[in-house]
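Structure at a glance
The primary structure of each chain is shown beneath.
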Amino acid sequence: MSITHKLPYEWQIGLRYTRAGKRSGRNSFISFISMASVAGIALGVAALIVVLSVMNGFQKEVTNRMLSMLAHVEIFDARGALPDWRATSADALRHPEVRAAAPFLDAQSMLLVDGVMKPALLRGVEPTEEAKVSDIVQQMKEGSFDSLRPGSYNVVLGRALAKSLGVGVGDRVSLLVASSGILGGAASPGENPLPRSRALTVSGIFEAGHFEFDSTLALVNILDAETATGASAPLGLRLRLADLQQAPRVAYELQQSMAGDLIMRDWTRVNTVWFAAVQSQKNMMFIILTMIVAVAAFNLVSTLVMTVKDKQADIAILRTLGASPRGIMKIFIVQGTLVGMLGGLLGVAFGVLVALNVDVIVPGIERLLGVHFLSQEVYLISEMPSELRWNDVGWIGGMAVVLSFLATIYPSWAASRVKPAEALRYE
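Not measured: the values here are computed from a predicted model. (Residues numbered from 1 in each chain as written. Predicted model: local features only at pLDDT ≥ 70, side-chain atom pairs only at ≥ 80, totals over all residues. Heavy atoms only, no water.)

Our next topic: the overall build of the chain. For the chain, the count of helices and strands is 16 helices and 10 strands. With 427 residues in all, the chain has 48% of them scored as buried. Pairs at least 24 residues apart make up 80% of the contacts formed inside the chain by residues separated by at least 6 positions. Looking at the chain as shown, the accessible area adds up to about 21,400 Å², and 60% of this sits on carbon and sulfur atoms. (Helix = DSSP H or I, 4+ residues; strand = E, 2+ residues; numbered from the N terminus. Buried < 20%, exposed > 50% of the residue type's maximum accessible area, 1.4 Å probe, protein only. Contact = heavy atoms within 4.5 Å. Areas by Shrake-Rupley, 256 points an atom, 1.4 Å probe, with all protein chains shown as cover.)

Attention now goes to the packing of helix α11 (residues 312-320) against helix α12 (residues 325-356). At a minimum axis separation of 10 Å, α11 and α12 run at an interaxial angle of 140°. By the criterion of interaxial angle, the relationship of α11 to α12 is oblique. For the pair α11 and α12, the sense of crossing is right-handed. Contact residues: α11 offers Ile 315, Leu 318 and Arg 319, while α12 offers Pro 325, Ile 328, Ile 331 and Phe 332. (Axes fitted to C-alpha atoms, helices over the stretch in contact; angles between N-to-C directions. Parallel < 35°, antiparallel > 145°, perpendicular 65-115°, else oblique. Left-handed = near helix turned anticlockwise from the far one by under 90°.)

What follows deals with the UniProt feature "transmembrane region" (unreviewed entry) in the chain. Feature annotation in UniProt assigns "transmembrane region" (unreviewed entry) to the following positions: residues 29-55, 284-308, 329-356 and 393-415. Annotated as residues 284-308, this span is 100% helix and 0% strand, and its ends, taken at the C-alpha atoms, are 37 Å apart. Regarding residues 393-415, the helix share stands at 100% and the strand share at 0%, and the terminal C-alpha atoms are separated by 33 Å. (UniProt positions renumbered as here; feature names shortened; annotations may be inferred.)

Turning to the environment of Gly 80, a few remarks are in order. Looking at the secondary structure, you find Gly 80 in the loop between β1 (73-77) and α3 (85-92). Residue Gly 80 is classed as buried on the basis of its relative accessible area of 18%. The spatial distance from the C-alpha of Gly 80 to the C-alpha of Leu 262 is 9.9 Å, given a sequence separation of 182 residues.

On to α11, then. Those residues of α11 that fall on the buried side of the exposure criterion are Ala 313, Ile 315, Ala 316 and Leu 318. A positive backbone phi angle near 115° is found at Gly 322, which sits one or two residues after α11.

If you walk through the whole model with that rule in mind, you get 2 aromatic pairs. Taking the centre distance of 5.9 Å and the plane angle of 80° together, the rings of Phe 76 and Phe 104 count as edge-to-face. One end of the pair, Phe 76, is in strand β1; the other, Phe 104, is in strand β2 (residues 98-113), with 28 residues separating them in the sequence. Ring plane angle 35° and centroid distance 6.2 Å describe the contact between Tyr 410 and Trp 413, whose orientation is recorded as tilted. Of this pair, Tyr 410 and Trp 413 both sit in helix α15 (residues 390-416), separated by 3 residues, roughly a single helical turn. Looking at Tyr 410, the relative accessible area reads 52%, which means it is exposed. For Trp 413, a relative accessible area of 43% corresponds to the partly exposed category. Its end group placed over the ring of Tyr 153, Arg 198 keeps NZ or CZ at 4.3 Å from the ring centre. (Phe/Tyr/Trp six-rings, centres within 6.5 Å; stacked < 30°, edge-to-face > 60°. Lys NZ or Arg CZ within 6 Å of the ring centre and 35° of its normal.)

By size, the foremost hydrophobic cluster in this structure holds 37 residues, and its most contacted members are Ile 75, Phe 145, Phe 206, Leu 219 and Leu 239. Residues lining this core come from more than one domain, with at least three contributed by each of domain 1 (9-64 + 275-424) and domain 2 (79-260). Core analysis: the next-biggest nonpolar cluster, separate from the first, contains 25 residues, Leu 111, Val 167, Val 173 and Ala 228 among them. (Core = buried A, V, L, I, M, F, W, Y, C linked by side-chain atoms within 4.5 Å. Domains from an automatic or database assignment.)

Counted under the stated rule, the structure contains 10 salt bridges. As a salt-bridge pair, Arg 94 and Asp 91 come within 2.9 Å of each other at their nearest N and O atoms. For Asp 91, a relative accessible area of 23% translates into the label partly exposed. Glu 253 is paired through a salt bridge with Arg 249; the nearest N and O atoms lie 2.9 Å apart. You can see Glu 253 and its partner Arg 249 sitting in helix α8 (residues 247-257), 4 residues apart, about one turn around the helix. Judged by relative accessible area, which is 28%, Glu 253 ranks as partly exposed. One network of salt bridges, with partners in common, ties together Glu 97, Arg 249 and Glu 253. (Salt bridge = Lys/Arg side-chain N within 4 Å of Asp/Glu carboxyl O.)

Right, let's get into the environment of Asp 261. Assignment of secondary structure puts Asp 261 in the loop between α8 and β10 (262-266). For Asp 261, the contacting residues outside a window of four places in its chain are Phe 76, Asp 77 and Ala 78.

Taking 1.5 Å of rise per residue, the 27 residues of α15 would be expected to cover 39 Å, and the 39 Å separating its terminal C-alpha atoms lies within 8% of that figure. By the largest-angle criterion, Ile 409 marks the main kink of α15, which is about 30°, and a proline, Pro 411, follows within four residues. (Expected span 1.5 Å × (residues − 1). Bend = angle between axes of the 7 residues up to and from the residue.)

In structure tokens:
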């Protein structure tokens, strides 16, 4: 005896109706509509999985590239500069989550080469300490980061910035920076407001993979930066944590435990608008694509209504044999839910397959069509990323089944209301 014969009769008949439809023209048409509903649900589910995976990958990739250059936590002195940064660093390192600390000084500046002028964020760093709080050493493409020795006036540029200036390792650039250009600081009363000029030698080129840094950041030794800007001390400290996700908590604990009038800023607050925008877009895409799945699922309503009309004689016979209205409802609920489950499973399989191979599929499409979907200047990255999250897959598949179940309620209720005498009158 097969497994299906052991099931309740509602399941047996629902399964038969689901796979039937080849015996007559009418049934074939109903079967075609049913398969179209399956295909619609599958495509909607697959699209939702792929889009959410790409958005997850985009968010993760950009975040990782940001954090390769951003500090997990930054410490500033509310009075301006941080002259006793070594003591502040030692105090911060007492926290068990803090792994490294490095001083920095940021200033808005301009770089000039042969009449070409580009804005740049001049960052003064202490090379040995900076290598502990960022991935700059691993991102060096030309030259050496250790070349930023005090008094050398060497500069390490982002690749995009170096390209826009037309310079390479060994070339000279002119630095223009005003004392009031120090981020977080201001010019002292009576200080010369004219821009300070200094010749720098390009000693290295890095590529962080994040266009904002690659096109604007210029790194020099912190003592050279102080001389160039007229600053008397570093602007603040950059901290690297054991777990970057704990940055808000660690920043709060440092604020409570460290002496002095200090300001803490964790990485989640540096690009708050960007992260909020990405999350908002993700939520909106989920809602829009869920509506597509809902439209496909509710196509089941028309399929089941046509099936009920076509099977009125069968329903009447079942009723005369003792089937209850609830049993009739179960038959069509089983049929519609199985269609939804089939569409959901096919959509999950196809969506997962595409999401796991986006890095292969998208470049192939780009080569075929001769286009490039992601502009690095706009999207910060040039390759389509993807991160499949299985909890998203579970939610999407479950949602497709639930919507399919809801779509069966009215047709199955209508089937349970069929009166045997009227249905058999013309048979």
